[in-house]
Amino acid sequence: MSKRFEIAYLLKSNIDNLIDTTINIKGWVRTKRGNKNVAFIAINDGSIVHNIQVVVDLANFDEELLKKITTGACLSVDGKLVKSMGQGQSVEIQAEQIEVYGEASPEDYPLQKKGHSLEFLREIAYLRPRTNTFGAIFRLRHAMAFAIHKYFNDHGFFYLHTPLITASDCEGAGEMFQVTTMDLNNLPKTEDGAIDYQKDFFGKQTSLTVSGQLEGELGALSLGKIYTFGPTFRAENSNTPRHLAEFWMIEPEVAFNDLEDNMNLAEDFLKYLIRYALDNCMDDLQFLNNMWDKELLERLNFVLNNSFVRLKYTEAIDILLQAKKKFEFPVAWGVDLQSEHERYLVEEHFKCPVILIDYPKDIKAFYMKQNDDGKTVRAMDVLFPKIGEIIGGSQREENYDKLLKRIEELEIPQKDMWWYLDTRRWGSAPHSGFGLGFERLLLFITGMANIRDVIPFPRTPGNAEF
Ligand code: 4AD
Ligand code: MG
């Protein structure tokens, strides 16, 4: 067998020295067409959105073998690499030897070449990476994960691994998945009839984390600049195109940063990621632009080249109250903004990404720095076109007494928070951070409309297939 080359290499590199030599490629058949004398097989190996064409002179091959070459089958092909006469490809392979690794019967292989709906492909999520669309999306997902690590590493941040199993509810929303090894049909009880969590694996009640922030703050108050990048879990029963029960979050946390610094970091970070995608993933972006969202590239460039609008929640409420548009959820000072409000501000009013700050304290988490007005906190949400909230963050309350008072007001169990409070007793410092939802970022980067289509195996209410 000759030396194997990946298709991305053959289509993207200077391969003059390989022309007219025999090479090997491996991959899956996308299409096969031809006539009595010759077959054209388009092969894709996942390394790039484009296929390579294999030309088969039928006279040279056994009929039984040729029958096995159908859409979805996996092949290993040896052949001469030649410059292509055909349109749309620079090189092709004249087959000399073909081995069929795995057949895919046309009777039952679900991914025949006709176009499939995204809904149908969700039902066969285990096969959808073999389509051009999901190949492009998951290559972009990889590229964005790499770019995130690169950005932080280049800016002197340390990657801190925060725990996935925890006893504290960072966001205080009570939306946690419990973790237990107890027999649910035979729960140990205390004398007063409550569940005896002392008998559980960790000796206390535990859950999957909704955020790595609290532990991230400990990291920032020692290492200076940290970030987390890991899975988070939320048992919120919202079946929307923007919510997952298991999603990935990136959470930078920086000592000595105030809210202004935090906003600057968020804007710089998001623009870096968009630029990285445009500079490194144009084949996949162009494909998605042509296939699904004709404004994708324009939108990415627009966000990259314009400053984000920054304004206070109170000012945003005034704008929404004056809007001619009828909202499904009524607007008043103190309400949490719905996606329709966020998208009105971004898409219709400012026509630009918006960073909203200084939200009412009652709709935000306990840890946010309290403003002197007694009503608002130093929160910030970054709102994006087509997405709504892509980032949520804040300056943190560094004052022990104020933080403790807020924890008491909200009746957050202090037995789970003592270690967090201790950071405000010893060497406390101003600090800020935020959380970027990785799949929300990918919705924006890929132009996809449903969050289930930017994660390989989505977890949503009622669905944990694959
Ligand atoms: O606004 P959130 O809840 O903020 C936090 O968790 C903070 N602890 C972050 C921090 O300051 N370190 O979530 C942050 C982001 C949201 O802006 C959104 O992009 C994403 O996480 N997110 C979700 N993404 C998908 N599915 C869900 N159910 C999500 N919930 C939040
Ligand atoms: Mg939020």
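Before going into details, it helps to say that this report is about the structure given with it. (Residues numbered from 1 in each chain as written. Chains lettered and ligands numbered in written order. Predicted model: local features only at pLDDT ≥ 70, side-chain atom pairs only at ≥ 80, totals over all residues. Heavy atoms only, no water.)

Of regular secondary structure, the chain possesses 13 helices and 16 strands. Taking the intrachain contacts of the chain between residues at least 6 apart in sequence as the baseline, contacts between residues at least 24 apart amount to 67%. Surface accessibility of the chain: about 22600 Å² in total, with carbon and sulfur atoms responsible for 50%. Within the chain, one finds 53 positive and 68 negative side-chain charges whose respective centroids are separated by 4 Å. (Helix = DSSP H or I, 4+ residues; strand = E, 2+ residues; numbered from the N terminus. Contact = heavy atoms within 4.5 Å. Areas by Shrake-Rupley, 256 points an atom, 1.4 Å probe, with all protein chains shown as cover. Lys, Arg positive; Asp, Glu negative; His and termini not counted. Charge placed at Lys NZ, Arg CZ, Asp CG, Glu CD.)

Moving on to the sheet that holds strand β5 (residues 91-102). Spatial ordering of the closed barrel is given by β1-β2-β3-β5-β4, a layout of five strands whose pairing is mixed. Looking at each pair of strands side by side, their axes are set apart by 55° on average, direction ignored. Summarising the sheet, strand β3 (residues 52-57) and β5 pair through three bridges and their orientation is parallel. Its bridge partner being in β5, V54 is matched across the sheet by I93. (Pairing = 2+ DSSP bridges. Axes fitted to C-alpha atoms, helices over the stretch in contact; angles between N-to-C directions.)

Before going further, it helps to examine the packing of helix α4 (residues 132-154) against helix α6 (residues 259-280). Here α4 crosses α6 at 135°, and the two axes come no closer than 10 Å. With respect to their mutual orientation, α4 and α6 come out oblique. Seen from above, α4 lies across α6 with right-handed handedness. Between α4 and α6, the residues in contact are L140, A143, M144, F146, A147, I148, K150, Y151 and F152 and L265, D268, F269, Y272, L273, Y276 and A277, respectively. Residues belonging to the contact of α4 with α6 are distributed by class as follows: 14 nonpolar, no polar and two charged. (Parallel < 35°, antiparallel > 145°, perpendicular 65-115°, else oblique. Left-handed = near helix turned anticlockwise from the far one by under 90°. Nonpolar A, V, L, I, M, F, W, Y, C, P; charged D, E, K, R; others polar.)

Turning our eyes to something else, we now look at the pattern of salt bridges. What the rule picks out here adds up to 27 salt bridges. Salt-bridge contacts for D293 lead to R299; the nearest nitrogen and oxygen are separated by 2.9 Å. With a relative accessible area of 13%, R299 lands in the buried category. One continuous salt-bridge network, built from bridges that share partners, spans E217, E253, R396 and R424. (Salt bridge = Lys/Arg side-chain N within 4 Å of Asp/Glu carboxyl O. Buried < 20%, exposed > 50% of the residue type's maximum accessible area, 1.4 Å probe, protein only.)

With that settled, consider unusual backbone geometry. A negative phi angle characterises most non-glycine residues, just as the trans form characterises most peptide bonds. Of note in the backbone geometry, F256 takes a positive phi value of approximately 75° without being a glycine. For F256, the position within the fold is in the loop between β11 (246-255) and α6. Overall, the relative accessible area of 63% leaves F256 in the exposed class. Its identity is not glycine, yet F466 carries a phi of approximately 75°, on the positive side. Looking at the secondary structure, you find F466 in the segment after α13 (438-446).

What follows covers the packing of aromatic side chains. Aromatic ring pairs are described here by two measures, namely the spacing of the ring centres and the angle between the planes. Within this structure, the stated rule accounts for 25 aromatic pairs. Relative to W248, the ring of F229 has its centre 6.1 Å away and its plane inclined at 90°; by these criteria the two rings are edge-to-face. Taken as a pair, F229 in strand β10 (residues 225-233) and W248 in strand β11 lie far apart in primary sequence, 19 residues in all. Of the residues examined, F229 reaches a relative accessible area of 8% and is grouped as buried. Taking the centre distance of 6.0 Å and the plane angle of 75° together, the rings of F366 and Y420 count as edge-to-face. Within this pair, whereas F366 is found in the loop between β13 (354-360) and β14 (376-384), its partner Y420 is found in helix α12 (residues 418-422), the two being separated by 54 residues in sequence. With a relative accessible area of 2%, F366 lands in the buried category. Assessed through its relative accessible area of 0%, Y420 is described here as buried. Among the aromatic residues, those joined into a ring-pair cluster are F146, Y151, F152, F157, Y159, Y227, F269, Y272, Y276 and F434. (Phe/Tyr/Trp six-rings, centres within 6.5 Å; stacked < 30°, edge-to-face > 60°.)

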